[in-house]
Amino acid sequence: MSSAGSVPLRISDEVWAALDSGQAVVALESSLIAHGLPAPQNLETANAAEQAVRAEGAVPATTAIEDGWLLLGAAAAVIERLADPVAAPVKAGSRDLGPLIAARRLASTTVSATIRIAHLAGVRLMATGGIGGVHRGAARSFDVSSDIDELAATPVAVVCSGAKSILDLAATLELLETRRVPVVGIGVDELPAFYATSSGLTLAHRVDTPQQAAAAVAAHLGLPGAAGLLLVQPPPVELALDAGEVETWIAEAVAAAAATAVRGAAVTPFILAHIAGASGGRALAANVGLIVNNARMAARVAVADARLRRGMSP
């Protein structure tokens, strides 16, 4: 385990060696382990995502916070603690990093925190299920995920299946444009809707191979002042849900939340729990499948990007 100068960042030996040799590295967020998926699927999915990255020739670097350190390449024991509800890890966005370091808390990392940690070490690719974005009703609540602003500020490319479907996807795509974050479809012309393959929202940019995606990443990150980039692909077709069906479940959950006075941070887990139950487990299967699939794609792009940076054909 190595540290990064005066920054309280601990990098695993495997990740450090990969970075030092110019090998492909993919950062993985850990909020899905501690707060996004139920046990035992949370730990199984975390392990499967790391295995998918390795199978494509890259090195996985799961991020977390523990004992006053930012971790890049969290050890298996840390990941197991994050997956254990008894350990009660907190959830960290990028705004929370300093206070949680000072408090020496165990914390999982959201997309925004993972982007920040990855950039501290020079990691250019990360993978997740779906980013946060503009919540429904944000015109009244001002509820917008910090993932958007972190992408607009920090030069890391994120592979995902769009934004979580419980959000206002049209507003999220519009805000990404406003914040100058390119959204590039991998093999698709429309923004995926997380559980569903399409949202009906047209994308301005498309690539069809990991090599083309890597070229887009290299060109974008090579521009002066460039920040983040979003690479989006739909969930595996055999696991994807019908968009209309998902929207019906969301509407039911939103109405139920309002009727039972569920408010604030409790709304999202309430809606996700309703979708999980209403789908008979299909939503969970889709979620797990797209997380692993996105990790696999991020590894392919990272390998091609590493080749480009070594002056080789991707």
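In this text, all values refer to a predicted model and were calculated from it rather than measured experimentally.

Engineer: So, the pattern of salt bridges: which residues are in play, and what are the values?
Structural biologist: Scanning the entire structure with this criterion turns up 14 salt bridges. Glu50 serves as the salt-bridge partner of Arg54, at 3.8 Å between the closest nitrogen and oxygen. Residue Arg54 and its partner Glu50 are both found in helix H3 (residues 41-55); the two are separated by four residues, about one turn of the helix. Given a relative accessible area of 40%, Arg54 falls into the partly exposed group. Classification of Glu50 by relative accessible area gives buried; the value is 12%. The closest approach of N and O atoms between Glu245 and Arg282, which form a salt bridge, is 3.0 Å. In this pair, Glu245 sits in helix H11 (residues 243-259) while Arg282 sits in helix H13 (residues 282-309), placing the two residues 37 residues apart along the sequence. You can call Glu245 partly exposed: its relative accessible area is 29%.

Engineer: I'd like a rundown of the environment of Ala295, residues and numbers included.
Structural biologist: Residue position: Ala295 is located in helix H13. Ala295 gets classed as buried once you look at its relative accessible area, which sits at 0%. Between the C-alpha atoms of Ala295 and Val159, which are 136 residues apart in sequence, the distance is 7.6 Å. If near-sequence neighbours (up to four positions away) are discounted, Ala295 is found in contact with Leu28, Ala49, Val53 and Ala127.

Engineer: For the packing of helix H6 (residues 111-120) against helix H8 (residues 146-153), give the residues involved together with the corresponding values.
Structural biologist: Where H6 contacts H8, the axes come no closer than 8 Å and their chain directions differ by 20°. Here H6 is positioned roughly parallel relative to H8, judged by the angle of their axes. Classified by chirality, the crossing of H8 by H6 is left-handed. Residues Val111, Ser112, Ile115 and Arg116 of H6 touch H8, and the partners they reach there are Ser146, Asp147, Glu150 and Leu151. Looking at side-chain class alone, the contact of H6 with H8 contains three nonpolar, two polar and three charged residues.

Engineer: Residues and numbers for the pairing of strand S5 (residues 69-72), please.
Structural biologist: In this structure, strand S2 (residues 7-11) lies alongside S5, joined through three bridges in parallel fashion. Bridge pairing in S5 links Ile11 to Leu72. Note that strand S4 (residues 59-66) and S5 share four bridges and pair antiparallel. Counterpart to Ile65 in the pairing with S5 is Leu70. Counted along the chain from S4 to the antiparallel partner S5, the turn is two residues long, and its residue Asp67 has a positive phi close to 55°.

Engineer: So what's going on with the packing of aromatic side chains? Which residues, and what values?
Structural biologist: Taken as a whole, this structure holds one aromatic pair when the rule is applied. For the ring pair Phe194 and Tyr195, a centre distance of 4.8 Å and an interplane angle of 70° mean the geometry is edge-to-face. On the basis of relative accessible area, Tyr195 is assigned to the buried category, the value being 4%.

Engineer: Run through the nonpolar core, naming residues and quoting values.
Structural biologist: Residues Leu72, Ile131 and Leu230 are the most contacted members of the largest nonpolar core, which totals 70 residues. At five residues, H6 tops the list of elements feeding residues into this core. Residue contacts for Ile131: discarding those within four places in its chain leaves Val111, Asp147, Ile148, Leu151, Val158, Cys160, Gly162, Ala163, Lys164, Leu167, Leu176 and Leu230. Listed in part, the 27 residues of the second largest apolar core include Ala157, Ile186, Leu221 and Ala298.

About the criteria used
- Residues numbered from 1 in each chain as written.
- Predicted model: local features only at pLDDT ≥ 70, side-chain atom pairs only at ≥ 80, totals over all residues.
- Heavy atoms only, no water.
- Salt bridge = Lys/Arg side-chain N within 4 Å of Asp/Glu carboxyl O.
- Helix = DSSP H or I, 4+ residues; strand = E, 2+ residues; numbered from the N terminus.
- Buried < 20%, exposed > 50% of the residue type's maximum accessible area, 1.4 Å probe, protein only.
- Contact = heavy atoms within 4.5 Å.
- Axes fitted to C-alpha atoms, helices over the stretch in contact; angles between N-to-C directions.
- Parallel < 35°, antiparallel > 145°, perpendicular 65-115°, else oblique.
- Left-handed = near helix turned anticlockwise from the far one by under 90°.
- Nonpolar A, V, L, I, M, F, W, Y, C, P; charged D, E, K, R; others polar.
- Pairing = 2+ DSSP bridges.
- Phe/Tyr/Trp six-rings, centres within 6.5 Å; stacked < 30°, edge-to-face > 60°.
- Core = buried A, V, L, I, M, F, W, Y, C linked by side-chain atoms within 4.5 Å.

The quantities given are spatial measurements derived from coordinates; they are silent on function.
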